[in-house]
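Working through the structure, step by step
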Amino acid sequence: MSAYGHIQRKNSAAPLPPTTWEHEADSKVGSITVYHLTLESARKLPGLLEHLGTIFAKEVEDGMTYPQEGEMSQTTFETYFFSADVFLGLIGPSRSSPTIAEDGTAAGAIGDRDDRTNESLIEKQKGGKSWEECIAGFYYIKPNYPGRSSHVNTLRPASFASTYSLTPLTHCALLLRLWEKLGFSKAGLIPKAGRLRTKDGKGEEYVDAWVFYKSFIEA
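So, here is what we can say about the structure in this document. (Residues numbered from 1 in each chain as written. Predicted model: local features only at pLDDT ≥ 70, side-chain atom pairs only at ≥ 80, totals over all residues. Heavy atoms only, no water.)

Description of the overall build of the protein
Counting secondary structure elements, the protein contains 6 helices and 7 strands. Traced from its N-terminal end to its C-terminal end, the protein shows the element sequence β-β-α-α-α-β-α-α-β-β-α-β-β. Surface accessibility of the protein: about 13,200 Å² in total, with carbon and sulfur atoms responsible for 54%. (Helix = DSSP H or I, 4+ residues; strand = E, 2+ residues; numbered from the N terminus. Areas by Shrake-Rupley, 256 points an atom, 1.4 Å probe, with all protein chains shown as cover.)

Observations concerning unusual backbone geometry
For Lys192, which is not glycine, the phi dihedral falls at a positive 50 degrees. For Lys192, the location among the structural elements is in strand β6 (residues 185-197). Owing to a relative accessible area of 61%, Lys192 belongs among the exposed residues under this scheme. (Buried < 20%, exposed > 50% of the residue type's maximum accessible area, 1.4 Å probe, protein only.)

Digging into a nonpolar patch on the surface
Nonpolar side chains collect at one region of the surface, where Leu175, Leu178 and Leu182 lie side by side and expose about 230 Å² of accessible area between them. Its place among the elements puts Leu182 in the loop between α6 (173-181) and β6. With a relative accessible area of 42%, Leu182 lands in the partly exposed category. (Patch = residues over 30% accessible without salt bridge, like charges linked within 9 Å, V, L, I, M, F, W, Y side chains within 5 Å. Salt bridge = Lys/Arg side-chain N within 4 Å of Asp/Glu carboxyl O.)

As for the sheet that holds strand β1 (residues 19-22)
Pairing within the open sheet is antiparallel, and its 4 strands lie in the order β1-β2-β3-β4. A single partner strand is all that each edge strand has here, and the edge strands are β1 and β4 (135-141). Averaged over all neighbouring strand pairs, the angle between strand axes comes to 20 degrees, with direction disregarded. Inspection of the sheet shows strand β3 (residues 85-92) paired to β4 by 6 bridges, in the antiparallel sense. Each residue of the ladder has a partner; that of Leu90, found in β4, is Ile135. Across the sheet, helix α4 (residues 118-126) is in contact with β2 (31-37) and β3; its angle to β2 comes to roughly 150 degrees. (Pairing = 2+ DSSP bridges. Axes fitted to C-alpha atoms, helices over the stretch in contact; angles between N-to-C directions. Contact = heavy atoms within 4.5 Å.)

A closer look at helix α2 (residues 48-62)
Because each turn of an α-helix spans 3.6 residues, side chains separated by three or four positions in sequence point in the same direction. Its 15 residues give α2 an end-to-end C-alpha distance of 21 Å, which sits within 8% of 21 Å, the value for a rise of 1.5 Å per residue. Of the positions making up α2, those classed as buried are Leu48, Leu49, His51, Leu52, Gly53, Phe56 and Val60. On its buried face, α2 sits against β2, α1 (39-42), α3 (74-81), β3, α5 (131-134) and β4. Count one or two residues on from α2 and you reach Gly63, which has phi positive near 70 degrees. (Expected span 1.5 Å × (residues − 1).)

Comments concerning the side chain of Asp85
Tracing the sequence through the fold places Asp85 in strand β3. Asp85 sits in the buried class, given a relative accessible area of 3%. Among the polar contacts made by the side chain of Asp85, one reaches the side chain of His36 at a distance of 2.6 Å. (Polar contact = N/O pair within 3.5 Å; in protein donor to acceptor, adjacent residues only side chain to side chain.)

Points about the nonpolar core
Leu48, Phe82 and Leu88 are the most contacted members of the largest nonpolar core, which has 24 residues in total. Counting only elements with at least two residues in this core, the list comes to β2, α1, α2, α3, β3, α4, α5 and β4. A total of 5 residues in this core trace back to one element, the largest contributor, which is α2. Not counting residues up to four positions away in its chain, the partners in contact with Leu88 are Thr33, Val34, Tyr35, Leu37, Leu48, Leu52, Ile122, Ile135, Gly137 and Phe138. (Core = buried A, V, L, I, M, F, W, Y, C linked by side-chain atoms within 4.5 Å.)

Structure (structure tokens):
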């Protein structure tokens, strides 16, 4: 929930098509296909929301990333994390596998989409495995602010900018490099922006936060 209360979002006309990426650094993973979900579509996948809620609750309990404190119920998780658009990464075969099309997409994903929904494509790629076995990761994108500033950090076609705040801890160094590689620039540093647990779990410390920015309409 935003500090501004509920932020009204415009519903997407249709879900974005999945995209498949080769995971060159890990031969065991092969590829990762990213699917666009909403709360409505995620509810059609048995056990998915509960699994994601458990992961997020543990992340909040660890206290080293998200600002929330206290118990994270399933309802609270769904209201917060699925208030807009969520992207789910599923582990798939490598590019050399016969289940990968010539354009590099996973079978049942972009190159073989037809009129099937993302939910049915996810079920096909999941192939009877547990969510624990096939999920590579997940994240949300939603407006940070209401009304006249709702273009910041949103997926709507009218959007033009996105901002991210990351703490410059050792375990976040890879994420910092990733955002820079993707073309995000550091817009500023907020000193002592978060009170997080230390890595040894024995105390807490105030950490700085980098604010990243990228325009989606400027060349």
